[in-house]
Amino acid sequence: MVANQSPHNFWSSLKVERDKAVFADEFYFNVFEVENIIRFDTESERDMDFQRADIDVQLHAWERHSNVSEKFRAIDYDDLYIELYSMYPNVKGWMQNSSADHLAYFFPTRLIWIDKKELIRAFETHLLSNINSAKIKELKTNYPQQNASLTDEISINSSSHKVRYIKAYNKTKSKDWDTIGLSLPFDLLEAIGVKLKVYAL
């Protein structure tokens, strides 16, 4: 178990992601050779609609476009964090509430590019029924107003994979809430058929 009492600063985290978007755009132009990039990073009604659908950016090239969900990780633990609840228990997270076509998962030295619809199908088929609600309840009960995590195991094709349930305590001037997610090792994702495209940064 890991726990700390410092709340997750929602607005600070949002600023970091917006700052890193400049770097991401350079990658899209130089490596993917996209022709146009449309970001949904303001508080306008249109942008908020896209954000609620887990779409951060739209990439245009060759008369097609892809709606992309972006995630930025400061440290590469060789895993994928999926958000189960953005506001527990009433608001489902981006894993269960997404209209994105692709997931761009940025680490400091590499990008993992994933078909988001394929990821969701694999999650619903192989992992959703294995979500350990007792672990989530334990996080909520034992670590109120704290960030905390608990380890668990998920068996796929007779192989056991270690996972981690993570609770982030968020606080603004007007409200506080918990975000609940699950950290999945990449070998587990490959075991359930998720294809990972890796690009060096």
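Keep in mind that what you see is a predicted model, and the values were worked out from it rather than measured.

Engineer: Whenever I open this one, the layout of surface pockets confuses me. Can you help?
Structural biologist: Estimated volume of the second largest pocket: approximately 410 Å³. Phe32, Trp62, Ser66, His102 and Trp113 are, among the 16 residues lining the second largest pocket, the residues nearest its centre. Breaking the lining of the second largest pocket down by element, the ones donating at least two residues are strand E3 (57-61), strand E4 (64-72) and strand E8 (110-115). For the lining of the second largest pocket, the per-class residue count stands at seven nonpolar, four polar and five charged.

Engineer: Please clarify how the pairing of strand E9 (residues 147-156) should be interpreted in this entry.
Structural biologist: The element E9 is largely enclosed, with a buried count of seven among its ten residues. Across nine bridges, E9 lies against strand E10 (residues 159-171) in antiparallel orientation. Looking at the pairing, aspartate 152 lines up with valine 163 of E10. The turn linking E9 back onto E10 is made up of two residues, and asparagine 157 within it adopts a positive phi angle of 50°.

Engineer: Looking at this model, I keep getting lost on unusual backbone geometry. Mind explaining?
Structural biologist: Glycine aside, a negative phi is what most residues show, and trans is what most peptide bonds show. Across the junction of tyrosine 88 and proline 89, the peptide omega takes the value 5°, indicating a cis bond. Examined against the element boundaries, proline 89 turns out to sit in the loop between strand E5 (79-87) and strand E6 (91-92). Of note, the phi angle at glutamate 33 is positive, near 55°, even though the residue is not glycine. Structurally, the position occupied by glutamate 33 is in the loop between helix H1 (10-32) and strand E2 (36-39). Given the relative accessible area of 53%, glutamate 33 is considered exposed.

Engineer: Would you mind going over the pattern of salt bridges with me for this structure?
Structural biologist: It is possible for side chains of opposite charge to pair when their charged atoms get near one another. Under the criterion given, the structure shown has 13 salt bridges. The salt bridge involving lysine 116 is made with aspartate 54; its shortest N-O contact spans 2.5 Å. Taken together, the residues lysine 116 in helix H3 (residues 116-127) and aspartate 54 in the loop between helix H2 (45-52) and E3 connect sequence positions 62 residues apart. Overlapping salt bridges, with partners in common, bring together Asp25, Arg39 and Glu70 in one network.

Calculation notes
Residues numbered from 1 in each chain as written. Predicted model: local features only at pLDDT ≥ 70, side-chain atom pairs only at ≥ 80, totals over all residues. Heavy atoms only, no water. 1 Å grid on protein atoms, 1.4 Å probe; cavity = no way out; pocket = protein on both sides within 12 Å on 5 of 7 lines; lining within 4 Å. Points joined across faces, edges and corners; volume = space filled by probe spheres on them. Helix = DSSP H or I, 4+ residues; strand = E, 2+ residues; numbered from the N terminus. Nonpolar A, V, L, I, M, F, W, Y, C, P; charged D, E, K, R; others polar. Buried < 20%, exposed > 50% of the residue type's maximum accessible area, 1.4 Å probe, protein only. Pairing = 2+ DSSP bridges. Salt bridge = Lys/Arg side-chain N within 4 Å of Asp/Glu carboxyl O.

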